[in-house]
Amino acid sequence: MTHRKLEPHEIEDALNQLNTETSQDWTIENDKLSKTFKFKDFQHAFGFMTLCALYAEKQDHHPEWFNVYNKVKVQLTTHDVSGISPKDFDLAKKMEAFAN
């Protein structure tokens, strides 16, 4: 499935919808869909990352992320379109499901 770079108004609409459906913590930072997840401890953070990694590999769409103890900072962008695509919002929704 090919994806296209979303236009700014499409990103804003998708971000508003994502934040309505989830925790309202998603933002656009450095032209990437971004959120910092906070968990009970490292084990829960790593479990979250494992679930996300397995899904991301199946989708061939990998997050940029950084983990310190119970926090996982995620940044999503679609490199082959040089910007945010629907794939990023799909992965964000899966991440929300895995975090809960």
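An unreviewed UniProt entry lists the protein chain under the name Putative pterin-4-alpha-carbinolamine dehydratase, with Marinomonas profundi given as the organism. The record held by UniProt for the protein chain lists under Catalytic activity (unreviewed entry) the comment "(4aS,6R)-4a-hydroxy-L-erythro-5,6,7,8-tetrahydrobiopterin = (6R)-L-erythro-6,7-dihydrobiopterin + H2O".

Asker: Give a detailed account of the pairing of strand S3 (residues 64–68), specifying residues and quantitative values.
Answerer: In the sheet, S3 pairs with strand S4 (residues 71–76) via 5 bridges, with the strands oriented antiparallel. Each bridged residue has a counterpart across the sheet, and for phenylalanine 66 the counterpart in S4 is lysine 73. Here S3 folds back onto S4 in antiparallel fashion, the turn holding 2 residues, of which tyrosine 69 has a positive phi close to 45°.

Asker: Tell me about the nonpolar core, and please be specific about residues and values.
Answerer: In this structure, Trp26, Leu33, Phe48, Leu76, Phe89 and Met95 are the most contacted members of the largest nonpolar core, which totals 22 residues. Looking at this core, the elements with two or more residues in it are helix H1 (8–21), strand S2 (32–38), helix H2 (42–59), S4 and helix H3 (86–99). Take this core: its biggest share by element is 5 residues, from H2. Dropping the residues within four chain positions of it, leucine 33 is found in contact with Leu15, Leu18, Trp26, Thr27, Ile28, Val74, Gln75, Leu76, Ile84, Asp88, Phe89 and Ala92.

Asker: Just give me the short version of the sheet that holds S4, but keep the residues and values in it.
Answerer: With antiparallel pairing, 4 strands are arranged side by side in an open sheet as S1-S2-S4-S3. The outermost strands of the open sheet, each flanked by one partner alone, are strand S1 (27–29) and S3. Strand-to-strand, the axes of this sheet are offset by a mean angle of 30°, without reference to chain direction. In terms of strand pairing, S1 meets S2 through 3 bridges, oriented antiparallel. Within the sheet, the bridge partner assigned to threonine 27 lies in S2 and is serine 34. Packing against the sheet, H2 makes contact with S2, S3 and S4, and its axis sits at approximately 160° to S3.

Asker: Account for the packing of H2 against H3, naming residues and giving values.
Answerer: Running from N to C, H2 and H3 cross one another at 150°; their axes reach a closest spacing of 10 Å. By the angle class used here, H2 and H3 are roughly antiparallel. For H2 against H3, the interelement crossing comes out right-handed. Each of Phe48, Leu51, Cys52, Tyr55 and Gln59 in H2 lies in contact with H3, whose residues at this interface are Lys87, Asp90, Leu91, Lys94, Met95, Phe98 and Ala99. Within the contact of H2 with H3, the residues separate by chemical class into 8 nonpolar, 1 polar and 3 charged.

Parameters at a glance
Residues numbered from 1 in each chain as written. Predicted model: local features only at pLDDT ≥ 70, side-chain atom pairs only at ≥ 80, totals over all residues. Heavy atoms only, no water. UniProt positions renumbered as here; feature names shortened; annotations may be inferred. Pairing = 2+ DSSP bridges. Helix = DSSP H or I, 4+ residues; strand = E, 2+ residues; numbered from the N terminus. Core = buried A, V, L, I, M, F, W, Y, C linked by side-chain atoms within 4.5 Å. Buried < 20%, exposed > 50% of the residue type's maximum accessible area, 1.4 Å probe, protein only. Contact = heavy atoms within 4.5 Å. Axes fitted to C-alpha atoms, helices over the stretch in contact; angles between N-to-C directions. Parallel < 35°, antiparallel > 145°, perpendicular 65-115°, else oblique. Left-handed = near helix turned anticlockwise from the far one by under 90°. Nonpolar A, V, L, I, M, F, W, Y, C, P; charged D, E, K, R; others polar.

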